[in-house]
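Remarks on the overall topology
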Amino acid sequence: IFDLIMPLGLLSTSAFSFYLAFFTLAVMNILTGIFVERAMALCLPNEAEKFRENQARTMEATQELTCTLEAMDLNGDGMLSIGEFVEAAADERVDHILSTLGVDIRDAELVFRTVSSMTGEDDVPIASFVEQILRLKGQASSLELYGLVTKVDLLHDLLSAGFGGHSMKHKSAVLSAASSER
C-alpha cells in the first residue's frame, strides 16, 4: 500500500506513516489496558480472603485493646472501673484501637454503663469488657432499633398502667421523688 501512496508526494506518505503509527499505538494501548484490567481483577482478594484478613485485624486489635486496658488497670485487679475506663478512653491509643474495631466512643461514661449493664456488674472484668465492646461495633440495624422502640413502648405502657389515671404533672413529681431517694 505504501508503494501506491509514494507517487502522491512527501505530504501523503508522511500522513500515511503517521496514520499507521497512531493506530498501531492506539490498538496496542487498548490491548494493554484489557490485559492489565484482567490481571488486576485476578489480583483482588476473594470474599474468603477478605474475611480472613478482617478476622486477623480484629483479633490483633482485640489483643492490643486487652493489653492496653490491662496496663491502664490502676489497681491491677483485672477489673475495669468507670474511672479507669474514662481515663483510658481519653488516651489516643485506646481511641485508635477502638476506631480500628469499628467502635466510636463519644461518651465514655455512657459506654461503660452500657457494658456494665450488659454484664450486670459495676466493675467489669477486662476480658468481658472487651467481649462486650465488640458487640457495640458498627451501626444499629433497623431490626435492633425496632426492637428497642418496642421495648420502650412496652415500658411506657407498663408505667402508664402503674400510674393509673394520674395526670402527667403527678407522674413527673413521682418520678422526681423516686430519683431523689437514690
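Refer to the structure above for everything that follows.
Here is a short report on the structure shown in this document. Please read these numbers as outputs of a predicted model, since none were measured by experiment. (Residues numbered from 1 in each chain as written. Predicted model: local features only at pLDDT ≥ 70, side-chain atom pairs only at ≥ 80, totals over all residues. Heavy atoms only, no water.)

**Points about the overall build of the protein chain**
This is how the line gets drawn: Helix numbers and strand numbers start at the N terminus; a helix is a DSSP run of H or I with at least 4 residues, a strand a run of E with at least 2. In this analysis, two residues are considered to be in contact whenever any of their non-hydrogen atoms come within 4.5 Å of each other. Under the convention used here, a 1.4 Å probe and the Shrake-Rupley method define accessible areas, while residue burial counts only the protein chains that appear.
What the protein chain contains, in helices and strands, is 9 helices and 2 strands. N-terminal to C-terminal, the α/β element order of the protein chain is α-α-α-β-α-α-α-β-α-α-α. Long-range pairs, those at least 24 residues apart, make up 53% of the contacts in the protein chain between residues at least 6 apart in sequence. Only carbon and sulfur atoms are counted for the fraction: they give 62% of the accessible area of the protein chain, which is about 13,900 Å².

**Some points on the packing of helix α6 (residues 108-119) against helix α7 (residues 126-135)**
Stated precisely, the cut-off is as follows: An axis is simply a line fitted to the C-alpha atoms; with a helix, the fit covers only the stretch in contact. Between two such axes, the angle follows the N-to-C directions and lies from 0 to 180 degrees. Just so you know how the angles are binned, under 35 degrees is roughly parallel, over 145 roughly antiparallel, 65 to 115 roughly perpendicular, and the rest oblique. Charged means Asp, Glu, Lys or Arg here, nonpolar means Ala, Val, Leu, Ile, Met, Phe, Trp, Tyr, Cys or Pro, and polar covers whatever is left, Gly included.
The N-to-C vectors of α6 and α7 enclose an angle of 110 degrees; their axes lie 10 Å apart at closest approach. On the basis of their axis angle, the class for α6 and α7 is roughly perpendicular. Between α6 and α7, the contacting residues are V111, F112, V115, M118 and T119 on the first element and S128, F129, Q132, I133 and R135 on the second. Considering only residue class, the contact of α6 with α7 consists of 6 nonpolar, 3 polar and 1 charged.

**Describing the packing of helix α3 (residues 47-71) against helix α5 (residues 92-101)**
Note the following rule: By convention, the crossing between two helices is left-handed when the near helix turns anticlockwise from the far helix through less than a right angle, and right-handed when the turn is clockwise.
Direction vectors running N to C along α3 and α5 enclose 150 degrees, while the axes themselves pass 9 Å from each other. Between α3 and α5, the angle is such that the two are roughly antiparallel. Of the two possible hands of crossing, α3 and α5 adopt the one that is left-handed. Along the contact surface, α3 presents T58, A61, T62, E64, L65 and T68, while α5 presents V94, I97, L98, T100 and L101. When its residues are assigned to classes, the contact of α3 with α5 shows 6 nonpolar, 4 polar and 1 charged.

**Focus: the packing of aromatic side chains**
Rule in force here: Pairing of aromatic rings covers Phe, Tyr and Trp, the last counted by its six-membered ring, and requires centre-to-centre distances within 6.5 Å; plane angles under 30 degrees mean stacked, over 60 mean edge-to-face, and any other angle means tilted. Only protein chains enter the accessibility calculation, which uses a 1.4 Å probe. A residue is then buried if its area is under 20% of the maximum for its type, exposed if over 50%, and partly exposed in between.
Overall, the coordinates contain 7 aromatic pairs when judged by the stated rule. Judged by centre distance (4.8 Å) and plane angle (55 degrees), the rings of Y19 and F23 are tilted. In this pair, Y19 and F23 both sit in helix α2 (residues 10-43), 4 residues apart, roughly one turn of the helix. Since its relative accessible area comes to 45%, Y19 is described here as partly exposed. For F23, a relative accessible area of 42% puts it in the partly exposed group. Among the aromatic residues, those joined into a cluster by ring pairs are F16, F18, Y19, F22 and F23.

**Digging into a nonpolar patch on the surface**
Let me state the cut-off plainly: Only residues whose relative accessible area exceeds 30% and that take part in no salt bridge are eligible for patches, with like-charged residues grouped when within 9 Å of each other and nonpolar side chains (Val, Leu, Ile, Met, Phe, Trp, Tyr) grouped when within 5 Å. Note on definitions: salt bridges are taken to be side-chain nitrogens of Lys or Arg within 4 Å of carboxyl oxygens of Asp or Glu.
Together, F18, Y19, L20, F22 and F23 make up a nonpolar patch on the protein surface, roughly 560 Å² of accessible area in all. Here L20 is to be found in helix α2. L20 sits in the partly exposed class, given a relative accessible area of 42%.

**A few points about the pattern of salt bridges**
Applying the stated rule across the entire model yields 3 salt bridges. Between R93 and D91 there is a salt bridge; the shortest N-O distance is 3.0 Å. Here R93 falls in the exposed class, since its relative accessible area comes to 52%.

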